[in-house]
Amino acid sequence: MNQLTIRGFDDELATYIQELARREGISLNRAVMRLIRRGAGLDQAGTDVVGSSLDHLMGTWSTEDADRIDRALEHFSRIDEAMWK
């Protein structure tokens, strides 16, 4: 494995890397590698992903929360036949 030292991270980038590592539960090194591969166009995995801005919510709903959301969205699954004539 090759090793490279990178200097000159500004505070904004350093903070982003730290937040990515914390959010994903990965090391700082792995977070940097992920960003470098993505920036270089080498990361083909997850190219159909819209974004990760809601990832922190995954797995946080209780069964009751999920049932309440399902009930609230139920009317969106109904088809208005008159609209398709």
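Residues numbered from 1 in each chain as written. Predicted model: local features only at pLDDT ≥ 70, side-chain atom pairs only at ≥ 80, totals over all residues. Heavy atoms only, no water.

**Q** For this particular structure, what's the right way to read the packing of helix α1 (residues 11-24) against helix α2 (residues 28-39)?
**A** To characterise two packed helices, one gives the angle between the axes of the helices and the distance between these axes. The geometry of α1 relative to α2 is characterised by a closest axis approach of 9 Å and an angle of 110° between their N-to-C directions. The orientation of α1 with respect to α2, classified from their angle, is roughly perpendicular. On the side of α1, the interface is formed by Y16, I17, Q18, L20, A21 and E24, while α2 contributes L28, A31, V32, R34 and L35. Of the residues assigned to the contact of α1 with α2, the class counts are eight nonpolar, one polar and two charged. (Axes fitted to C-alpha atoms, helices over the stretch in contact; angles between N-to-C directions. Helix = DSSP H or I, 4+ residues; strand = E, 2+ residues; numbered from the N terminus. Parallel < 35°, antiparallel > 145°, perpendicular 65-115°, else oblique. Contact = heavy atoms within 4.5 Å. Nonpolar A, V, L, I, M, F, W, Y, C, P; charged D, E, K, R; others polar.)

**Q** Could you clarify how one ought to interpret the pattern of salt bridges in this entry?
**A** Close approach of charged atoms allows side chains of opposite charge to pair. According to the stated counting rule, one finds three salt bridges in the structure shown. Close ionic contact of E24 with R34 constitutes a salt bridge, the shortest N to O distance being 3.4 Å. Taken together, the positions of E24 in helix α1 and R34 in helix α2 put the pair 10 residues apart, joining distant regions of the chain. In this structure R34 comes out as partly exposed when scored by relative accessible area, which is 27%. Notably, a salt bridge pairs R68 with D65, separated by 2.9 Å at the nearest N-O pair. In this pair, R68 and D65 are both assigned in helix α3 (residues 63-73), three residues apart and thus about one turn of the helix distant. Its relative accessible area of 48% is what places R68 among the partly exposed residues. (Salt bridge = Lys/Arg side-chain N within 4 Å of Asp/Glu carboxyl O. Buried < 20%, exposed > 50% of the residue type's maximum accessible area, 1.4 Å probe, protein only.)

**Q** Explain the layout of surface pockets here, please?
**A** If a probe as big as a water molecule is rolled over the atoms, it shows which places are left empty. Counted as a void, the second largest pocket has a volume near 330 Å³. Every residue lining the second largest pocket is counted, 10 residues in all, and those nearest its centre are N2, Q3, L4, N29 and M33. Considered class by class, the residues forming the lining of the second largest pocket number seven nonpolar, three polar and no charged. (1 Å grid on protein atoms, 1.4 Å probe; cavity = no way out; pocket = protein on both sides within 12 Å on 5 of 7 lines; lining within 4 Å. Points joined across faces, edges and corners; volume = space filled by probe spheres on them.)

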